[in-house]
Amino acid sequence: MNVLIAPDKFKGCLSAAEVARAIARGVRNAAPDAVIDCIALADGGEGIVDALVESSAGTLHTANVSGPLGQSVEATYGLLGDGTTAVLEMAAASGLVLVPHDLRDPLRATTRGTGELLLHAVRGGARRVILGIGGSATNDGGAGLAQALGFRLLDVRGAELGPGGGPLSDLDRIVPPDHPPLGDAEILVACDVTNPLCGPQGASAIYGPQKGATPAMVAQLDASLEHFAAIIRRDLGVDIRDLPGAGAAGGLGAGLVAFAGGSLSPGIEIVLKTLGVSAKMERADLCLTGEGSVDHSSAYGKTVAGVGALAASLGVPAIALAGTIGPGYERLHERGIVAIFPIAPGPITLQESLARAPELLEAAAESLMRLVVGFASGPKSHLEIRNRNQEDL
């Protein structure tokens, strides 16, 4: 039996690669002769760098860049095993985790560091960049990224705008750099939301409060992004205001399209294609996936849903293992996951679950695999016995 093991991380506990190895041990315990192929996955958010580097035998690199409030931070990114594809997380340079709670200020927070990290990767030889844009501290529409790439954002006096989403209301014109700062590098943006840049479902209204925006600040930021979009359309000829996903990461989705020529796609689709998971799935008789928590949201852009859909398209049964199972998990059945199993053996505290995760995953995978092996070898003989008994009667 060929078994493809393709999980996401168990957040706060195990990386995707560690999850895959624990599941593989359980499969091996139950089916010693199974041919096992492990691949660590991510849906485009936190963990995409580690997962893609691990699965492609790539390397990790660091760069000193500007943090969300201008402080210097050391950001890590990956270069995949092909030597030409880089993978970045904007959170490493412009993430909310880099800002103490009492200092959160989306009026000032900038994406400049993400632009600097992007430049560092391209100048280091990357011809293709995968950029995950979750977890931002910013609401500047990618203005800081644009400035890092050499675009001049000028007010009516010809002065460069300051950092953050607040100053965008003073923008008078955008002056592009003389030469494309990223050359012909392809920029793939892992974006799992469809929010537009502005309006009641836009970047400021939906995500601004978690970054420290008051209701008054939300209104100010939304108006600033509206103005920013109008200037971008006039000076660059790119209409990003209502583009699905433009509002991701405080409008960085819009900025990457306008200033870096980026394309927005669901993160799991990018990951599956980059790692060639389709070819691996075609060889599999069974696929085991999983993530730390499974509920109704898992059916929308998450790893287990992406893996399930791919497996179903190729006629491969896919089963998920999860740390916890919440309301609405059944929606994953519509995405190709034929069954979902919790790894906890009974009532258990969160602390114990986290501490014992590797052994719980291994035990659950072994039990599941014994069931699969039993059905693969048992029903035929049971049917023959039943038929013989009926003939005797």
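Preceding block: the structure.
Report on the accompanying structure. (Residues numbered from 1 in each chain as written. Predicted model: local features only at pLDDT ≥ 70, side-chain atom pairs only at ≥ 80, totals over all residues. Heavy atoms only, no water.)

Observations concerning the overall build of the chain
Next, step 1: Each helix and strand counted, the chain has 13 helices and 13 strands in total.
Next, step 2: For 393 residues, the compact-globule estimate of 2.2 N^0.38 gives 21 Å, and the C-alpha radius of gyration of the chain, at 24 Å, lies within 12% of that figure.
Next, step 3: Overall, the C-alpha framework of the chain stretches about 100 × 40 × 35 Å when taken along its three principal axes.
Next, step 4: Taking all 393 residues of the chain together, 51% fall into the buried category.
Next, step 5: Sequence-distant contacts, at least 24 apart, represent 72% of the contacts inside the chain between residues at least 6 apart.
Next, step 6: Accessible area of the chain: about 16900 Å², with a carbon and sulfur share of 53%.
Next, step 7: Charge separation in the chain, taken as the distance between the mean sites of 29 positive and 42 negative side-chain charges, equals 1 Å. (Helix = DSSP H or I, 4+ residues; strand = E, 2+ residues; numbered from the N terminus. Rg over C-alpha atoms; globule rule 2.2 N^0.38 Å. Buried < 20%, exposed > 50% of the residue type's maximum accessible area, 1.4 Å probe, protein only. Contact = heavy atoms within 4.5 Å. Areas by Shrake-Rupley, 256 points an atom, 1.4 Å probe, with all protein chains shown as cover. Lys, Arg positive; Asp, Glu negative; His and termini not counted. Charge placed at Lys NZ, Arg CZ, Asp CG, Glu CD.)

Focus on the packing of aromatic side chains
The geometry of two aromatic rings is summed up by the distance between their centres and the angle between their planes.
Next, step 1: The full count for this structure, using the stated rule, is two aromatic pairs.
Next, step 2: Each ring, one from Phe151 and one from Phe259, has its centre 4.9 Å from the other, and the planes form 65 degrees; the classification is edge-to-face. Taken as a pair, Phe151 in the loop between helix H5 (143-148) and strand S7 (152-154) and Phe259 in helix H8 (residues 248-260) lie far apart in primary sequence, 108 residues in all.
Next, step 3: Considering the side-chain rings of Phe228 and Phe259, the 6.0 Å spacing of their centres and the 25 degrees angle between planes classify their relative orientation as stacked. With Phe228 in helix H7 (residues 215-236) and Phe259 in helix H8, the pair connects residues that are 31 residues apart, well separated along the chain. Neither residue differs from the other here; Phe228 and Phe259 are each classed as buried.
Next, step 4: Ring-pair connections join several aromatic residues into one group, and the members of that group are Phe151, Phe228 and Phe259.
Next, step 5: One Lys or Arg, Arg335, reaches over the ring of Tyr300 and ends 5.2 Å from the middle of that ring. (Phe/Tyr/Trp six-rings, centres within 6.5 Å; stacked < 30°, edge-to-face > 60°. Lys NZ or Arg CZ within 6 Å of the ring centre and 35° of its normal.)

Remarks on the pattern of salt bridges
Next, step 1: By the definition in use, this model includes 19 salt bridges.
Next, step 2: Residue Asp105 pairs with Arg108 through a salt bridge whose shortest N-O separation is 3.1 Å.
Next, step 3: A residue is classified by how much of its surface remains accessible, and Arg108, at 41% relative accessible area, is partly exposed.
Next, step 4: A salt bridge links Arg356 to Glu352; the nearest nitrogen and oxygen atoms lie 2.8 Å apart. (Salt bridge = Lys/Arg side-chain N within 4 Å of Asp/Glu carboxyl O.)

Some words on unusual backbone geometry
Next, step 1: Despite not being glycine, Ala57 has its phi angle at roughly 55 degrees, a positive value.
Next, step 2: Checked against the element boundaries, Ala57 lands in the loop between helix H2 (48-56) and strand S3 (59-66).
Next, step 3: For Ala57, a relative accessible area of 68% translates into the label exposed.
Next, step 4: At Ala249, a position not held by glycine, the phi torsion is positive, near 55 degrees.
Next, step 5: As for its position among the elements, Ala249 is in helix H8.

Some remarks on the state of the cysteines
Next, step 1: By the definition in use, this model includes zero disulfides.
Next, step 2: With no disulfide of its own, Cys191 lies 15 Å from the sulfur of Cys198, the closest cysteine sulfur.
Next, step 3: Cys38 supplies the cysteine sulfur nearest to Cys287, a cysteine that is in no disulfide, at a spacing of 11 Å. (Disulfide = S-S within 2.5 Å.)

A few points about the sheet that holds strand S12 (residues 318-325)
Strand pairing in a sheet is mediated by backbone hydrogen bonds. Such pairs are either parallel or antiparallel.
Next, step 1: Within the open sheet, the five strands sit side by side as S2-S1-S11-S12-S13. Their pairing is parallel. Each edge of the open sheet is held by one strand with a lone partner, namely strand S2 (35-38) and strand S13 (337-342). On average, each strand axis in the sheet is tilted by 25 degrees relative to the strand beside it, whichever way the strands run.
Next, step 2: Here strand S1 (residues 2-5) runs beside S2; their pairing, made up of four bridges, is parallel. Bridge pairing in S2 links Asn2 to Val35.
Next, step 3: Of the strands in this sheet, strand S11 (286-294), S12 and S13 are in contact with helix H11 (residues 303-313), which crosses S11 at around 160 degrees. (Pairing = 2+ DSSP bridges. Axes fitted to C-alpha atoms, helices over the stretch in contact; angles between N-to-C directions.)

Some thoughts on a nonpolar patch on the surface
Next, step 1: On the surface, a nonpolar cluster with roughly 300 Å² of combined accessible area is contributed by Phe341, Leu371 and Phe375.
Next, step 2: When you line up the elements, Phe375 lands in helix H13 (residues 357-392).
Next, step 3: By relative accessible area, which is 57% here, Phe375 ends up exposed. (Patch = residues over 30% accessible without salt bridge, like charges linked within 9 Å, V, L, I, M, F, W, Y side chains within 5 Å.)

Let's talk about the sheet that holds strand S9 (residues 186-190)
Next, step 1: Taken in spatial order, the six strands make up an open sheet running S3-S4-S5-S6-S9-S10, and their pairing is mixed. Because the sheet does not close on itself, it has two edges, and the strands there are S3 and strand S10 (263-265). Within the sheet, the average angular offset between the axes of one strand and its neighbour, ignoring direction, is 30 degrees.
Next, step 2: Note that S3 and strand S4 (residues 72-79) share eight bridges and pair antiparallel. Its bridge partner lying in S4, Asn64 is registered against Glu74.
Next, step 3: This element, H2, spans S3, S4, strand S5 (85-89) and strand S6 (128-132) of the sheet and lies at about 155 degrees to S5.

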